[in-house]
Amino acid sequence: GVPIQIRQLSKTYGGFRALDAVDLEVRSGEFLTLLGPSGSGKSTLLMALAGFSRPTSGSIAFDGADITRLPPHKRNIGVVFQNYALFPHMNVGANVGYPLRLRRVGKAETAERVRRALDLVQLGAMAERPIDSLSGGQRQRVALARAIVFEPKILLMDEPLSALDKKLREHMQIEIRHLHGKLGVTTIYVTHDQREALTMSDRIAVIHQGRIAQIDRPRELYEAP
Ligand code: ADP
Ligand code: ADP
């Protein structure tokens, strides 16, 4: 994983400040959760990190190097976003291999890396399956495999489990946490679910109206008077 330094990051839409001078440091290999209500700026922050949206001002550095002007594919980050759907006309293996195709990785290496990524999310036997034959949880795992297949140093996840039922969600929380431990990838996870944040995180950054209101480990955060 790599450390992430965000300095005075702002994003305005018209006159509205979705992010208001955010300072945030994420440690190498850490699982940090952005917790906040709908509209608080969580997605805006992830989109800026991913390079899908340009901040109005401020800077973002990965491993000490400013990446604010780098295009998404040069940032070496994996993303699991709600609206980043799988390709329904491709099978599981082709979906997972897609980021490698974008990066012009050769066929044999792609096959090997796809196999390993699918093993990691426990879908080893499913490479040939069409997407529409999978359950919600299996699809979420395919999305996860696609995000880690090129061995990113940073993983961004925006409410990846919100479409799943409670039981599956709790199961996937454990799986994601387990995978994080295995990969040692610096992870920023977005949720509005306090319990989910408490279960999964090394630290939680509480975001409110485009600002980090509080940041601490789960225990300290909720034992505070
Ligand atoms: P969250 O992810 O915490 O729900 P967002 O980052 O999506 O919050 O949104 C933060 C604020 O910015 C919201 O008030 C939202 O309406 C506004 N916003 C987000 N995207 C746009 C956009 N493209 N144009 C205008 N306002 C936006
Ligand atoms: P490029 O500029 O090389 O086309 P993108 O900016 O489209 O790369 O992709 C950024 C990241 O998002 C990549 O890591 C890629 O794996 C992922 N990605 C790109 N397009 C999609 C997509 N349609 N569905 C899922 N993931 C995608």
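Residues numbered from 1 in each chain as written. Chains lettered and ligands numbered in written order. Predicted model: local features only at pLDDT ≥ 70, side-chain atom pairs only at ≥ 80, totals over all residues. Heavy atoms only, no water.

1. Observations regarding the site of ligand 1
Alright, step 1. The full set of residues close to ligand 1 is Tyr-13, Phe-16, Ala-18, Pro-37, Ser-38, Gly-39, Ser-40, Gly-41, Lys-42, Ser-43 and Thr-44.
Alright, step 2. A distance of 3.0 Å separates an oxygen atom of ligand 1 from a polar atom in the backbone of Gly-41.
Alright, step 3. In the environment of ligand 1, an oxygen atom lies 2.5 Å from a nitrogen or oxygen atom belonging to the side chain of Thr-44.
Alright, step 4. Coverage of ligand 1 by the protein amounts to 58% of the 560 Å² it exposes when considered alone.
Alright, step 5. When residues of the shell around ligand 1 are traced back to their parent elements, those giving at least two are strand 2 (16-26) and helix 1 (42-50). (Near = heavy atom within 4 Å. Polar contact = N/O pair within 3.5 Å; in protein donor to acceptor, adjacent residues only side chain to side chain. Areas by Shrake-Rupley, 256 points an atom, 1.4 Å probe, with all protein chains shown as cover. Helix = DSSP H or I, 4+ residues; strand = E, 2+ residues; numbered from the N terminus.)

2. Focus on helix 1
Alright, step 1. The buried fraction of helix 1 is high, at seven of nine residues.
Alright, step 2. Those residues of helix 1 lying buried are Lys-42, Thr-44, Leu-45, Leu-46, Ala-48, Leu-49 and Ala-50.
Alright, step 3. Just beyond helix 1, the residue with positive phi is Gly-51, at close to 90°. (Buried < 20%, exposed > 50% of the residue type's maximum accessible area, 1.4 Å probe, protein only.)

3. Side note on the sheet that holds strand 10 (residues 211-216)
Alright, step 1. Strands sit in the order 6-7-8-3-9-10 across an open sheet of six strands; the sheet is mixed. Edge positions in the sheet fall to strand 6 (77-81) and strand 10, since each has one partner strand and no second. The average angle at which neighbouring strand axes cross in this sheet is 15°, direction not considered.
Alright, step 2. Relative to strand 10, strand 9 (residues 203-208) is paired through five bridges, and the arrangement is antiparallel. Along strand 10, the bridge assignment pairs Ile-207 with Ile-212.
Alright, step 3. Each of strand 6 and strand 7 (154-158) touches helix 4 (residues 136-148); the most contacted strand, strand 6, lies at about 160° to it. (Pairing = 2+ DSSP bridges. Axes fitted to C-alpha atoms, helices over the stretch in contact; angles between N-to-C directions. Contact = heavy atoms within 4.5 Å.)

4. A closer look at the site of ligand 2
Alright, step 1. Around ligand 2, the structure places eleven residues, and the nearest of them are His-73, Phe-87, Pro-99, Arg-103 and Arg-146.
Alright, step 2. At 3.3 Å from a nitrogen atom of ligand 2 is found a side-chain nitrogen or oxygen belonging to Arg-146.
Alright, step 3. In isolation ligand 2 exposes 540 Å². Once the protein is present, 75% of that is buried.
Alright, step 4. The dominant element in the shell around ligand 2, judged by the number of residues it contributes, is helix 2 (residues 92-102), at three residues.

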